[in-house]
Amino acid sequence: MATSKNFRGLQPSRMRGGAYNTSGMNEYGVKAAHATAIFQGDLVKIVSGKVHKVSAATDIVAGVFMGANWTDPNTKQPTFNNYFPAGQVHHGQGEAKALVIDDPNATFEIQAGASVADTQLHLNMDVSLGAGSTITGMSGFSLKGGSGSVQAKTLRLLRRSTLPGEAATDAFPNIEVKINQHRDHYGLGSTVSIANLA
């Protein structure tokens, strides 16, 4: 039962529509010395061809960050991690790569920071951009909860989690969602300005 907060961002669930779910990820470059740490389960966007953590509810999302690899500038050895540390630089032999689940039909489970009534399912809600953990490498993102909307917001609520013990009365329920404002699907199901694709 989700009766306590244990935020961990967006965790892969399935492929909407019954398509085969490979949980496939694609590599994207990460800017060296990126100012903000990016954690597994964070929503990310593309800025000037590089992955950045989303910084506002209006950002157009490229997908969900699942980890990164880079060449350590001191040891010159490949490094793999659940998160990309803030200010991390990499050896000049190659840029850091982020692994991102970027299919717009992928669904995810995310914990809400407040109760979610059945009447809010299938509406849209934003995320709270909580800080991740440098110990576990996991995101601190959560679903805002409260009142959903038919207007454009980051996530579309699909259903309650089917994990054992989940209940409609949970204080901090786990909800299955899809990315509503996805850069590869932005024209469907939401009103999003093309200006927000920058």
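Okay, so let's go over this structure.

Calculation criteria
Residues numbered from 1 in each chain as written. Predicted model: local features only at pLDDT ≥ 70, side-chain atom pairs only at ≥ 80, totals over all residues. Heavy atoms only, no water. Buried < 20%, exposed > 50% of the residue type's maximum accessible area, 1.4 Å probe, protein only. Helix = DSSP H or I, 4+ residues; strand = E, 2+ residues; numbered from the N terminus. Pairing = 2+ DSSP bridges. Core = buried A, V, L, I, M, F, W, Y, C linked by side-chain atoms within 4.5 Å. Contact = heavy atoms within 4.5 Å. Phe/Tyr/Trp six-rings, centres within 6.5 Å; stacked < 30°, edge-to-face > 60°. Salt bridge = Lys/Arg side-chain N within 4 Å of Asp/Glu carboxyl O.

It is a general feature of regular strands that their side chains alternate between the two faces of the sheet. Burial analysis of strand 3 (residues 43–47) places four of its five residues in the buried class, which makes it a mostly covered element. Where strand 3 lies against strand 5 (residues 63–71), two bridges are found, and the strand directions are antiparallel. Residue pairing in the sheet places valine 44 in a bridge with glycine 63 of strand 5. Of the strand pairs in this sheet, strand 3 and strand 4 (residues 50–53) are connected by four bridges, and their pairing is antiparallel. Note on strand 4: the bridge partner recorded for valine 47 is lysine 50.

Among the nonpolar cores identified, the biggest contains 23 residues, and Leu43 and Leu143 are the most heavily contacted of them. For this core, the secondary structure elements donating two or more residues are strand 5, strand 8 (106–111), strand 12 (155–160) and strand 13 (174–179). Sequence-distant contacts of leucine 143, that is, excluding residues within four places in its chain, are made with Ile110, Gln111, Ala112, Gly113, Val116, Met125, Asp126, Leu155, Leu157 and Ile175. In this structure, Val44, Ala62, Ala68 and Val100 belong to the second largest nonpolar core, which totals 13 residues.

So, about the environment of histidine 52. Residue placement: histidine 52 occurs in strand 4. In this structure the C-alpha to C-alpha distance between histidine 52 and alanine 62, which are ten residues apart in sequence, comes to 9.5 Å. Ignoring sequence-local partners within four residues, the contact set of histidine 52 consists of His34, Ile38, Leu43, Val44, Lys45 and Val47.

Once that is clear, we can look at the sheet that holds strand 8. If you trace the five strands from one edge of the open sheet to the other, you get 1-8-13-12-9, paired in antiparallel fashion. Two strands lie at the open edges of the sheet, namely strand 1 (11–15) and strand 9 (124–125), each paired on one side alone.

Counting across every chain of the model gives two aromatic pairs. Between phenylalanine 39 and tyrosine 83 the ring centres are 5.1 Å apart and the planes differ by 15°, which places this aromatic pair in the stacked class. Taken together, the positions of phenylalanine 39 in the loop between strand 2 (26–30) and strand 3 and tyrosine 83 in the loop between strand 6 (78–81) and strand 7 (96–101) put the pair 44 residues apart, joining distant regions of the chain. There is no split in this pair, since phenylalanine 39 and tyrosine 83 are both buried. Relative to phenylalanine 84, the ring of tryptophan 70 has its centre 5.1 Å away and its plane inclined at 85°; by these criteria the two rings are edge-to-face. Taken together, the positions of tryptophan 70 in strand 5 and phenylalanine 84 in the loop between strand 6 and strand 7 put the pair 14 residues apart, joining distant regions of the chain. Residue tryptophan 70 shares its accessibility class with phenylalanine 84, and that shared class is buried.

What follows covers the pattern of salt bridges. Overall, the coordinates contain eight salt bridges when judged by the stated rule. Residue glutamate 95 pairs with lysine 50 through a salt bridge whose shortest N-O separation is 2.4 Å. Separated by 45 residues along the polypeptide, glutamate 95 in the loop between strand 6 and strand 7 and lysine 50 in strand 4 bring together distant segments of the chain. Under the relative-accessibility criterion, glutamate 95 is labelled partly exposed at 30%. Given the relative accessible area of 26%, lysine 50 is considered partly exposed. Ionic pairing is found between aspartate 118 and arginine 160, a salt bridge with its closest N-O pair at 2.9 Å. Within this pair, whereas aspartate 118 is found in the loop between strand 8 and strand 9, its partner arginine 160 is found in strand 12, the two being separated by 42 residues in sequence. You can call aspartate 118 exposed: its relative accessible area is 51%. Its relative accessible area of 16% is what places arginine 160 among the buried residues. Connected through shared salt-bridge partners, Arg14, Arg159 and Glu176 make up one network.

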